[in-house]
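These are the residues of each chain, in order.
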Amino acid sequence: MRLSKTLPLVTACLAQPLAGQAPDSLALARRVVAAASLAAKEYALGVVPAGGQITQPEEVDEAKLFIQQAQFDVSGLPVAARANTHRTLSRIAQLLESLAPPDSVNRVTDSLVALITNAAGGPKVVEPLPSRPPSLERGAVVYRERCAACHGESGRGDGPKAKSLKGPPPANLADPQVLGNKSLLDIFRRIAVGTPGTAMPEFAEDVSAEDRWAVASYVGAMQYGGSATAAIFAAVRHQIDSALARRSDKIAVDAYMTFEQVETAIRAKNGGLASELEGNFAWLRTRVAKADDAERNTIRERLLAGLERAERVVADRPSGMSLFVASFFLLVREGFEAILIVAALMTFLAKAGASERRREVARGAWAAVGASVITWVLVELLLQVTPGQREMIEGATMLLAAAVLFYVSYWLLSKIEAAKWTAFVRGKMQSALSSGSGLALSAVAFLAVYREGFETILFYKALFTSAGSSSVPVVGGIAAGAVGLVAIYLLVNQLGLRVAMKPFFAVTGVMLYYMAFVFAGKGIAELQGAGMIPLTVIEGAPRIPVFGIYPTVESLIVQGLLLVLAIVAAVWAMRPKPKPSGAPSDGDLLRSQ
C-alpha cells in the first residue's frame, strides 16, 4: 500500500456518516470506542501482566473513569449495539475491579470495538485513515492555541495555567516515560475525549479531525525533539513488539503501514535496504501467528537491525553549525601546525647562516600543498570507481581518522612524538644543507608539510562523509579557516604577535577529540551499512547522531573504549613529572623569528 492511500500510524479518524446514520450517534460510537480503548491501555500500565497486583494506582483509576465515561454514552449508540455494548462495558468494569490480567481486558475490549464498529457501518466509518499525513507545522499552531497554556511551550507541564488547575497537574509530554508506549491513535483519542477526573477537556466538538491529527503528531514528536521521523520509527518498533507478543497479523499489517510513511525516503537513498525491509515485514505478517519463539526472535532482530540502518539513512542530519565549527577548527589546527613547521625550517636556515636558501624550502612546501590537492582528487576518484565498496572504504576512513584525531588531540601527549619528529626534520635539514643540494632542502620541506596535508585530507574526507549531503557548512568552515590562517600568519609575522601555545592546542584538542568520538561511531555505522560488521541493537540505548552515538553494541563498545583511553591519557598527562634542564616550558609562547 502506498502513502497516498494509507497513513500507517493511525487506525481511527472522524469521517462522514453513512446514509441513514445520525451524526450524533456516529460521534458517540467513536467516543465509546476511544474511551474503552484508552481504558484498556491505561489498565495495562497499572497492573502486572498476571493481574491481581496494582503497580500504578493512578492508571487503574483512570481506566475506570474512562469506562464510566463510555457507559454514559451508550444510550446514544446505534440501536443494534446498545444492549451488547452495555453488557460488555459492565463486563470490562468487573474485570477492572477484580484486577484481571490485562490481556483479558484487551480481548473483551477488542470484541467491544468490533461490535460497535460493525453496528456503526464498518471500519471505514468508525476507523478510517486520514487522507493525508498530519502536518507538524499545523500541529504546532494548534498546540500553541489549545495546549500550551497548561502543558507549556515545550510540553513539560509548566504552562501559565498549570499551577491554578484543580486535580492532577498537566502531563509532561516531553517525557518518554509518559508517551513512550502510546501510539498516535492513543494520543488522538485522548485529545478527542479528554481525560476524566482531570482538567484535560475533550476537543472532539470544537477542533476538527484534521487539526486533532496534526496536534497529535506534534505531541507525539515532542519526546523526540520534534522529529516526526523519529516518532514514526519508534511507533514501528512498538508495533512490531506488540504484533509478536500478541501473535497478531493485524498489528503486523499496522506496523508495515506505519513503515510506509518513511519507505519512499528510504528507497530514494537505499533501494536495496527498502526492499530488504519490505521482505522482512512480509515475513512478519505471514508468520507472526504460527512462528515458534526462535523464528519470531529472528524476525524481530532482522527488522530492528534494518530499521536502525534505515533511520540513519533518512533521519541523520548533522547540525550545520557543528559541521562548520569542526571544519573551521580542523583547518586552523592543521594549517597552523604546517605554518609552525615551515617557520621552524626557515629559522633553522637563518641560524645556520643560509637565509638565502629559504626559497628552496618554500618551493618544497608549496609542492607539498599541490601534492595534497592531487591526493584528495585521487581519493575521490578511488571512491567513484569502486561504488560497491564505497561504504566500506568510507567507514574505514572514518575509523582511521578517529584514531589519528584521538592521538593528535592531546598536545601534552603528542609533544614527545613532536619532539622526535622535529629532531628528525632538523637532522634531514642539516644533511641537506651540508650536501649543498637545493632539491634535498625542498624534499625535506615537502616531507614535513605533506605529512600535515595528508592528515588534513584524511580528516576532511571523514568530515564530508559524516556530513552527507550537508556539505555546505563544511565548505564554509574551510573558507573561514583559510581566512583565519591568513590572519594568524599576518599577525605573527608582521606584528610579532605572541601565540599562547598550550591554550591553543588545548582548545583545538578538545574539538579534535569530539570529532574522533563522532567519527568512531559513524565509522562503525558505515561498516554496518556495508555489512562488514554485525549490527546488534540495544533497546533503550540513546540515539544522538550529533555525537555519532547509535544504539548498537558495536558502536558503543568502540566509543566506550575511546572514552576510557581519553580518561587514561588525561590522567597520564596530568601526572607530575620533572622537566629536563633547558627544556622549554609548556607555557612558552610562539613568536616569529
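Residues numbered from 1 in each chain as written. Predicted model: local features only at pLDDT ≥ 70, side-chain atom pairs only at ≥ 80, totals over all residues. Heavy atoms only, no water.

Q: How do you make sense of the overall build of the protein chain when you look at a structure like this?
A: Looking only at helices and strands, the protein chain has 22 helices and two strands in total. Each of the 593 residues in the protein chain was classed as buried or not, and the buried ones make up 47%. Here the analysis covers contacts within the protein chain between residues at least 6 apart in sequence; of these, 72% occur between residues at least 24 apart. For the protein chain, the exposed surface amounts to about 28,600 Å²; the carbon and sulfur share of it is 62%. (Helix = DSSP H or I, 4+ residues; strand = E, 2+ residues; numbered from the N terminus. Buried < 20%, exposed > 50% of the residue type's maximum accessible area, 1.4 Å probe, protein only. Contact = heavy atoms within 4.5 Å. Areas by Shrake-Rupley, 256 points an atom, 1.4 Å probe, with all protein chains shown as cover.)

Q: Even after reading the chapter, I still don't get the packing of helix α12 (residues 249-269) against helix α13 (residues 271-287), so can you show me in this structure?
A: Packed helices, taken two at a time, are described by the angle between their axes plus the distance between the axes. The interhelical angle for the contact between α12 and α13, taken along N-to-C directions, is 175 degrees, at an axis separation of 9 Å. Classified by the angle their axes make, α12 and α13 are roughly antiparallel. Where α12 abuts α13, its residues Asp-249, Ala-252, Val-253, Ala-255, Tyr-256, Phe-259, Glu-263, Ile-266, Arg-267 and Lys-269 lie against Gly-271, Leu-273, Ala-274, Ser-275, Leu-277, Glu-278, Phe-281, Leu-284 and Arg-285. Partitioned by chemical class, the residues of the contact of α12 with α13 number eleven nonpolar, two polar and six charged. (Axes fitted to C-alpha atoms, helices over the stretch in contact; angles between N-to-C directions. Parallel < 35°, antiparallel > 145°, perpendicular 65-115°, else oblique. Nonpolar A, V, L, I, M, F, W, Y, C, P; charged D, E, K, R; others polar.)

Q: Whenever I open this one, the nonpolar core confuses me. Can you help?
A: Note on soluble globular proteins: their nonpolar side chains tend to be buried together. With 34 residues, the main nonpolar core has Tyr-43, Leu-89, Ile-92, Leu-96 and Val-105 as its most contacted residues. Residue assignment for this core shows that the elements contributing at least two residues are α1 (23-46), α2 (57-72), α3 (79-97), α4 (102-120) and α9 (184-193). With twelve residues, the top contributor of residues to this core is α1. Excluding anything up to four places from it in sequence, Tyr-43 contacts Glu-59, Val-60, Ala-63, Leu-95, Leu-96, Leu-99, Ala-100, Pro-101, Pro-102 and Val-105. Leu-323, Phe-336, Leu-463 and Leu-512 belong to the second-largest nonpolar core, a separate cluster that totals 31 residues. (Core = buried A, V, L, I, M, F, W, Y, C linked by side-chain atoms within 4.5 Å.)

Q: Looking at this structure, I do not really get the confidence of the model for the protein chain. What am I missing?
A: Caution applies to low-pLDDT regions: their predicted coordinates should not be interpreted in detail. The predicted model of the protein chain has a mean per-residue pLDDT of 77, with 80% of residues at 70 or higher. Below a pLDDT of 50 lies the segment residues 1-23, which in the model reaches 81 contacts outside its immediate sequence neighbourhood of four places, other chains included. Here residues 582-593 is a poorly scored stretch, pLDDT under 50, and it has 22 contacts once near neighbours within four places are set aside; other chains count. (pLDDT = per-residue confidence, 0-100.)

Q: In this structure, what is going on with the packing of aromatic side chains? I would like to understand it.
A: Two descriptors summarise a pair of aromatic rings, namely the distance from one centre to the other and the angle between the planes of the rings. The tally for this structure, following the rule as stated, stands at eleven aromatic pairs. Where Trp-376 meets Phe-464, the ring centres are 5.8 Å apart and the plane angle is 80 degrees; that geometry is what we call edge-to-face. Highlighted residues: Trp-376 in helix α16 (residues 358-385) and Phe-464 in helix α19 (residues 438-467), separated in sequence by 88 residues. Judged by relative accessible area, which is 26%, Trp-376 ranks as partly exposed. Residue placement shows Arg-285 over the ring face of Tyr-256; its charged tip is 4.7 Å from the ring centre. Looking at Arg-312, its charged tip hangs above the ring of Tyr-550, at a distance of 4.6 Å from the centre. (Phe/Tyr/Trp six-rings, centres within 6.5 Å; stacked < 30°, edge-to-face > 60°. Lys NZ or Arg CZ within 6 Å of the ring centre and 35° of its normal.)

Q: Help me out: how do you make sense of a nonpolar patch on the surface in this one?
A: A contiguous nonpolar patch, built from Trp-366, Val-369, Val-373, Ile-374, Val-377, Leu-378 and Leu-381 and spanning about 720 Å² of accessible area, is present on the exposed surface. Mapped onto the elements of the fold, Leu-381 is located in helix α16. Assessed through its relative accessible area of 44%, Leu-381 is described here as partly exposed. (Patch = residues over 30% accessible without salt bridge, like charges linked within 9 Å, V, L, I, M, F, W, Y side chains within 5 Å. Salt bridge = Lys/Arg side-chain N within 4 Å of Asp/Glu carboxyl O.)

Q: Hey, could you run me through the pattern of salt bridges in this one?
A: A side chain with one charge may pair with a side chain of the opposite charge, provided their charged atoms come close. Counted by the stated rule, this structure contains 20 salt bridges. The salt bridge partner of Asp-241 is Arg-300, with a shortest N-O separation of 2.7 Å. Separated by 59 residues along the polypeptide, Asp-241 in helix α11 (residues 228-246) and Arg-300 in helix α14 (residues 293-315) bring together distant segments of the chain. Arg-300 sits in the buried class, given a relative accessible area of 18%. One salt bridge in this structure joins Glu-295 and Arg-287, with 2.9 Å as the shortest N-O distance.

Q: Explain α11 to me, please; I cannot follow it from the model alone.
A: Each α-helix turn comprises 3.6 residues. Residues three or four places apart therefore point the same way. Here α11 contains 19 residues, and its C-alpha end-to-end distance of 27 Å stays within 8% of the 27 Å for a straight helix at 1.5 Å per residue. Restricting attention to buried positions, one finds in α11 the residues Ala-230, Ala-231, Ile-232, Phe-233, Ala-235, Val-236, Gln-239, Ile-240, Ala-243 and Leu-244. Residues of α11 that are buried in the fold lie against α10 (209-222), α12, α13 and α14. Arg-247 occupies a position one or two residues after α11 and carries a positive phi of about 50 degrees. (Expected span 1.5 Å × (residues − 1).)

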